[in-house]
Amino acid sequence: MRTIAIIAAVAANGAIGFKGGIPWDSPEDRAIFARKTANGVLVCGNATADELVEACKTRMNGRTIVCIADGKFWEQWDLSMSGWIEEGTYSIEAIAAHYPDRNVWICGGSRLYAEAMRNSLVTEMHISHMDGFPDADTFFPRFDTSGGLRGIVAGGSRWDVVSTVDGKGFSHRVYRRI
Ligand SMILES: NC(=O)c1ccc[n+]([C@@H]2O[C@H](COP(=O)([O-])OP(=O)(O)OC[C@H]3O[C@@H](n4cnc5c(N)ncnc54)[C@H](OP(=O)(O)O)[C@@H]3O)[C@@H](O)[C@H]2O)c1
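Report follows, based on the coordinates. Model, not experiment: these values are computed from the prediction.

1. A short note on the overall build of the chain
Here's step 1: Tallying secondary structure elements over the chain gives 4 helices and 12 strands in all.
Here's step 2: For the chain, the C-alpha radius of gyration of 15 Å lies close to 16 Å, the compact-globule estimate for 178 residues.
Here's step 3: When the backbone C-alpha atoms are referred to their principal axes, the chain occupies close to 45 × 30 × 25 Å.
Here's step 4: Out of the 178 residues belonging to the chain, those deemed buried represent 31%.
Here's step 5: Within the chain, contacts between residues at least 6 apart in sequence are counted, and of these 61% link residues at least 24 apart.

2. A word on the site of the ligand
Here's step 1: Near the ligand, the surroundings consist of 25 residues, among which Gly17, Gly45, Thr48, Gly108 and Gly109 are the closest.
Here's step 2: Listing elements by their share of the shell around the ligand, those giving two or more residues are strand 1 (4–11), strand 2 (15–17), strand 3 (41–45), helix 2 (46–56), strand 4 (64–69) and helix 4 (110–117).
Here's step 3: Among the residues making up the shell around the ligand, the classes are represented as 11 nonpolar, 10 polar and 4 charged.

3. Some details on the sheet that holds strand 10 (residues 151–154)
Remark on secondary structure: sheet strands pair via backbone hydrogen bonds, oriented parallel or antiparallel.
Here's step 1: The 10 strands are arranged 6-5-4-3-7-1-8-12-11-10 in an open sheet whose pairing can be described as mixed. Each edge of the open sheet is held by one strand with a lone partner, namely strand 6 (84–89) and strand 10. Taken over all neighbouring pairs, the strand axes of this sheet differ in orientation by 30 degrees on average, direction set aside.
Here's step 2: Pairing analysis gives 7 bridges linking strand 8 (residues 124–130) to strand 12 (residues 170–177), with the strands arranged antiparallel. Of the residues in strand 12, the one forming a bridge with Met130 is Phe170.
Here's step 3: Here helix 4 sits on the sheet and contacts strand 1, strand 3, strand 4, strand 7 (104–106) and strand 10; the angle it forms with strand 1, its principal contact strand, is near 130 degrees.

4. Looking at the environment of Phe139
Here's step 1: Locating Phe139 in the fold gives a position in strand 9 (residues 138–139).
Here's step 2: Using a count of 16 C-beta atoms within 10 Å as the deciding quantity, one classes Phe139 as partly exposed.
Here's step 3: When the C-alpha positions of Phe139 and Ala15 are compared, they lie 4.5 Å apart, and in sequence the two are 124 residues distant.

5. What to know about the nonpolar core
Here's step 1: In this structure, Ile6, Ala8, Leu42, Val43, Val66, Trp105 and Ile106 are the most contacted members of the largest nonpolar core, which totals 43 residues.
Here's step 2: In this structure, Leu42 is in contact with Thr37, Leu52, Arg63, Ile65, Val66, Trp105 and Cys107, ignoring residues within four places of it in sequence.

6. Re unusual backbone geometry
Here's step 1: Note the cis peptide between Gly108 and Gly109, where omega equals 5 degrees.
Here's step 2: Its identity as a non-glycine residue notwithstanding, Asn39 has a phi of 70 degrees, on the positive side.
Here's step 3: Position of Asn39 among the secondary structure elements: in the loop between helix 1 (27–37) and strand 3.

7. Quick notes on the pairing of strand 1
Here's step 1: Of all the 8 residues making up strand 1, 8 are buried; the element is thus mostly covered by neighbouring parts of the structure.
Here's step 2: Across the two faces of strand 1 the burial is the same, with Ile4, Ile6, Ala8 and Val10 and Ala5, Ile7, Ala9 and Ala11 all buried.
Here's step 3: Pairing between strand 1 and strand 7: 3 bridges, direction parallel. Across the sheet, the residue bridging to Ile6 is Ile106, located in strand 7.
Here's step 4: Judged from the 7 bridges that link them, strand 1 and strand 8 form a sheet pairing that is parallel. In the sheet register, Ala11 faces strand 8, and the bridge partner there is Met130.

Conventions used here
- Residues numbered from 1 in each chain as written.
- Predicted model: local features only at pLDDT ≥ 70, side-chain atom pairs only at ≥ 80, totals over all residues.
- Helix = DSSP H or I, 4+ residues; strand = E, 2+ residues; numbered from the N terminus.
- Rg over C-alpha atoms; globule rule 2.2 N^0.38 Å.
- Buried ≥ 20, exposed ≤ 12 C-beta atoms within 10 Å, placed from the backbone.
- Contact = placed C-beta atoms within 7 Å.
- Near = placed C-beta within 6 Å.
- Nonpolar A, V, L, I, M, F, W, Y, C, P; charged D, E, K, R; others polar.
- Pairing = 2+ DSSP bridges.
- Axes fitted to C-alpha atoms, helices over the stretch in contact; angles between N-to-C directions.
- Core = buried A, V, L, I, M, F, W, Y, C linked by C-beta atoms within 7 Å.

Set out below in structure tokens:
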């Protein structure tokens, strides 16, 4: 069965972005992202889309990048408007229905993550918890970690930890909505 999941790398202060980029450089985390998202549909806001297009252009590996802009969703494969195709009016439901057999990865930024956390179609969060407190201007929505290693509360739901992999300077956890 296909999965609809959030994927993010989040520092200890909640940071995800700074000046249009990622505030750290972790090849190991990028490799996890690349492995998990191969053949998937990557959904993101239009600031993140340009970055993803640049990062994936030489190795799309079956990925489709879907950008949200102006209340619509678009497939995007280059940085010019000629590389965009409008697919429909945006909602997570509409994107899920448009790509019925494919894993859908919600790739940020902030607003999309917050919306996805509240949407029950989104059943997993794959989060790399990065060490440190980098300078940042873009943040992941707040979540409550008082459940410790067992799980978190986010977007009004409880999410249990189903797996953890430790990397250099980060811990990658998969959470499932319960
Ligand atoms: N660490 C990570 O895992 C991670 C992941 C993603 C991004 N980032 C970082 O975060 C920063 C970019 O994120 P961001 O939050 O600033 O921007 P973003 O979400 O990528 O793009 C913002 C724009 O996308 C459109 N949009 C986004 N969500 C929407 C929604 N739910 N509904 C309708 N339209 C939506 C809107 O455009 P219109 O107003 O034109 O319609 C909005 O102005 C960068 O620094 C990037 O590197 C980090």
